[in-house]
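Inside the fold
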Amino acid sequence: MAVILDGIKIAQEVRVSVRSEAAALKEETGIVPGLAVVLVGSDQASKIYVEKKAKACAEAGFFSREYKLPEDTGEGKLLDLIRDLNMDKFIHGILVQLPLPRHIATDKVIAAIDPLKDVDGFHPYNAGALLTGAPLFVPCTPRGIMELISRTGIDIAGKEAVIVGRSNIVGKPAAILLLAQHATVTICHSRTKNLPSVTSRADILIAAVGKPHMITANMVKEGAVVIDVGVNRLEDGKLAGDVVFDEVAPKASYITPVPGGVGPMTIAMLMRNTLEAAGAAAKK
Ligand code: GUN
């Protein structure tokens, strides 16, 4: 039976250390880390995430500002706000909650964020720098995944890592981070042929598709570390991961639950990235 990787507990540990590092930064430099969170429209899940981020900032001793803009906000207006935030000396991190409404070009908005304030790590500069090994910021969910894997104590070098899902936010950056730690990495997606034969090779299996219960026990190698990034709302209102937990847990060595696995780690890493942004600003 797998050991459950408790994301709530590990995230809390990260947040406690971020809080004390933030207090030390304030003591030394007078700088209080500041995060701006921008939400356009009224997507229910996004609203909940944004509230959690504001609460986490308060708990970490950060300054935060929320910008809740109506669904019909024009792209130009959003770009103007980002330019203002780029210049704002109280703001060290800018997060634009995704997805954006369809009439706004997400790429253009992300590219407008100062890479030094891109605490999501989504700007093309940081995405490119991740490939060559020295990004200013690593995207929060993959960073949280790496922290969870490091807590297992396994040596990643030489392991087979299989990632199901190729998003810019999770799948691709997670693959690059695992590669940097010398895993042999495979990325699977909707066109992958014979998916179970590929996932069954994985010593480390990351499910980041957004399809409830798609990873079943027959797709998992005995003793694998299984990280479930899926957050799927079922018709009965319950949250489900991409992994059939009850089936896979007896086969895995370590597994993350949903909820309470990767999700809390994302916010903890956002706090860490924002602290690092403020620390870098203090050195300028
Ligand atoms: N939407 C879903 N995940 C994320 C995230 O990590 N950052 C932002 N900005 N939007 C998201």
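Just so it is clear, the model here is predicted, and its values are computed rather than measured.

As a further point, take the overall build of the protein chain. Looking only at helices and strands, the protein chain features 10 helices and 11 strands. For 284 residues, the compact-globule estimate of 2.2 N^0.38 gives 19 Å, and the protein chain sits close to it at 19 Å. Projecting the C-alpha coordinates of the protein chain onto the three principal axes gives extents of approximately 50 × 45 × 35 Å. Split into buried and exposed, the 284 residues of the protein chain put 49% on the buried side. Within the protein chain, counting contacts between residues at least 6 apart in sequence, those at least 24 apart form 69% of the total. Of the charged side chains in the protein chain, 32 are positive and 31 negative; the average position of the first set lies 2 Å away from that of the second.

Attention now moves to the sheet that holds strand β5 (residues 160-164). The sheet built from six strands is open, its strands ordered β1-β11-β8-β7-β5-β6 with parallel pairing. Of all strands in the sheet, those bounded by a partner on one side alone are β1 (3-4) and β6 (184-188). Here β1 pairs with strand β11 (residues 254-255) via two bridges, running parallel. For valine 3, the partnering residue across the bridge sits in β11 and is tyrosine 254.

Neighbouring strands of a sheet are bound in pairs by backbone hydrogen bonds; such pairs are parallel or else antiparallel. Judged by pairing direction, the sheet is parallel, and its three strands sit side by side in the order β3-β2-β4 without closing on themselves. Each end of this open sheet is capped by a strand with a single partner; those strands are β3 (63-69) and β4 (93-96). Strand-to-strand, the axes of this sheet are offset by a mean angle of 15°, without reference to chain direction. One ladder, built from four bridges, connects strand β2 (residues 34-40) with β4; its direction is parallel. When the bridges of β4 are listed, valine 38 appears paired with valine 96. Each of β2, β3 and β4 is contacted by helix α2 (residues 44-60), which is oriented at about 170° to β2, the strand it contacts most.

Formed by 51 residues in total, the largest nonpolar core has its most connected members in Ile149, Leu178, Ile206, Ile227 and Met271. The residues touching isoleucine 149, leaving out its near neighbours within four places in the chain, are Ile154, Ile156, Leu178, Ile204, Ile206 and Ile227. Judged by nonpolar contacts, the second largest core, of 19 residues, contains Ala202, Ala207, Val220 and Val248.

Taken together, the residues surrounding the ligand are Leu95, Val96, Gln97, Leu98, Asp120 and Phe122. Residue glutamine 97 places a side-chain N or O atom 3.2 Å away from a nitrogen atom belonging to the ligand. In the environment of the ligand, a nitrogen atom lies 2.9 Å from a nitrogen or oxygen atom belonging to the backbone of leucine 98. Within the shell around the ligand, the residues separate by chemical class into four nonpolar, one polar and one charged.

With that out of the way, let us pick up the packing of helix α1 (residues 7-29) against helix α10 (residues 262-283). Here α1 crosses α10 at 15°, and the two axes come no closer than 9 Å. Taken together, the axis directions place α1 and α10 in an arrangement best described as roughly parallel. Of the two possible hands of crossing, α1 and α10 adopt the one that is left-handed. Here Gly7, Ile8, Ile10, Ala11, Val14, Arg15, Ser17, Val18, Glu21, Ala22, Leu25 and Thr29 of α1 lie close against α10, whose contacting residues are Pro264, Met265, Ile267, Ala268, Met269, Met271, Arg272, Leu275, Ala278, Gly279 and Ala282. Among the residues forming the contact of α1 with α10, the class breakdown is 16 nonpolar, four polar and three charged.

Both faces of the sheet carry side chains from a regular strand, because those side chains alternate between them. As paired elements, β5 and β6 share five bridges and run parallel to each other. Residue pairing across strands places isoleucine 163 opposite isoleucine 187, the latter belonging to β6. Taken together, β5, helix α7 (residues 171-180) and β6 constitute a β-α-β crossover, and its handedness is right-handed.

Once that is clear, we can look at α7. Within α7 the residues assigned to the buried category are Gly171, Pro173, Ala174, Ala175, Leu177 and Leu178. Tucked into the core, α7 has its buried residues touching α5 (124-132), α6 (140-152), β5, β6 and β7 (204-207). One or two residues past the end of α7 sits histidine 182, with phi positive at roughly 75°.

Reading the values: rules and limits
- Residues numbered from 1 in each chain as written.
- Predicted model: local features only at pLDDT ≥ 70, side-chain atom pairs only at ≥ 80, totals over all residues.
- Heavy atoms only, no water.
- Helix = DSSP H or I, 4+ residues; strand = E, 2+ residues; numbered from the N terminus.
- Rg over C-alpha atoms; globule rule 2.2 N^0.38 Å.
- Buried < 20%, exposed > 50% of the residue type's maximum accessible area, 1.4 Å probe, protein only.
- Contact = heavy atoms within 4.5 Å.
- Lys, Arg positive; Asp, Glu negative; His and termini not counted.
- Charge placed at Lys NZ, Arg CZ, Asp CG, Glu CD.
- Pairing = 2+ DSSP bridges.
- Axes fitted to C-alpha atoms, helices over the stretch in contact; angles between N-to-C directions.
- Core = buried A, V, L, I, M, F, W, Y, C linked by side-chain atoms within 4.5 Å.
- Near = heavy atom within 4 Å.
- Polar contact = N/O pair within 3.5 Å; in protein donor to acceptor, adjacent residues only side chain to side chain.
- Nonpolar A, V, L, I, M, F, W, Y, C, P; charged D, E, K, R; others polar.
- Parallel < 35°, antiparallel > 145°, perpendicular 65-115°, else oblique.
- Left-handed = near helix turned anticlockwise from the far one by under 90°.
- Right-handed = clockwise from strand over helix to strand, strands pointing away.

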